[in-house]
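Fold and contact review
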Amino acid sequence: MDTGGEWALASRWDVVGGIVRLVFGLVFHDLPEWVRYPLLAFGCAVVVHLGLGWLRERFGGPADEDEVVHESEADVR
């Protein structure tokens, strides 16, 4: 595609698709099995770790200050 000498920028999704195709090609076609499977396991472990971290922040974090019930020492016996 000729752009008249100017730069043509790809969309974000084109770039992501290209990266996914590159990784897929490297992992599933070009690498030997003794390298491929540890990389797949590492990638899956990273995805699980990030997902659990996101879930912990989203649902298990401390409540907002408005929702916290403060007890005074007089109420506690």
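Residues numbered from 1 in each chain as written. Predicted model: local features only at pLDDT ≥ 70, side-chain atom pairs only at ≥ 80, totals over all residues. Heavy atoms only, no water.

1. Digging into the overall build of the chain
Under the convention used in this document: The secondary structure listing takes helices from DSSP runs of H or I that are at least 4 residues long and strands from runs of E that are at least 2 residues long, numbered from the N terminus. For each residue, the accessible area found with a 1.4 Å probe, counting protein chains only, is set against the maximum for its type, and the residue is called buried under 20%, exposed over 50%, and partly exposed in between. Using the Shrake-Rupley algorithm and a 1.4 Å probe, accessible areas are obtained, with residue cover drawn only from the displayed protein chains.
Tallying secondary structure elements over the chain gives two helices and zero strands in all. For the chain, with 77 residues in total, the buried portion stands at 4%. On the chain, roughly 7700 Å² of surface is accessible, and the fraction owed to carbon and sulfur atoms is 63%.

2. Observations concerning the environment of Phe28
For clarity, the threshold we go by: Two residues qualify as a contact provided that any one of their heavy atoms is within 4.5 Å of a heavy atom in the partner residue.
Topologically, Phe28 is positioned in helix α1 (residues 12-30). Sequence separation of Phe28 and Leu40 is twelve residues, and the distance between their C-alpha atoms is 9.8 Å. Sequence-distant contacts of Phe28, defined by excluding residues within four places in its chain, comprise Arg36 and Leu40.

3. Re the packing of aromatic side chains
Defined as follows: Any two rings among Phe, Tyr and Trp, with Trp reduced to its six-membered ring, count as a pair given centres within 6.5 Å; such a pair is stacked if its planes are under 30 degrees apart, edge-to-face if over 60, and tilted if neither. Only when the NZ atom of a Lys or the CZ atom of an Arg is both within 6 Å of the ring centre and within 35 degrees of the ring normal do we say a charge sits over the ring.
Overall, the coordinates contain zero aromatic pairs when judged by the stated rule. Between Arg36 and the ring centre of Tyr37, over which it is positioned, the NZ or CZ distance is 5.8 Å.

4. A short note on a nonpolar patch on the surface
Here is the rule: Note on patches: the residues involved have over 30% relative accessible area and no salt bridge, like charges join within 9 Å, and the nonpolar side chains Val, Leu, Ile, Met, Phe, Trp and Tyr join within 5 Å. The salt bridge criterion pairs a side-chain nitrogen of Lys or Arg with a carboxyl oxygen of Asp or Glu, the two atoms within 4 Å.
The grouping of Val48, Leu52, Trp54, Leu55 and Phe59 at the surface amounts to a nonpolar patch, some 540 Å² of accessible area in total. Within the secondary structure, Leu55 is located in helix α2 (residues 33-59).

Treat this as a map of the structure, not an account of what it does.
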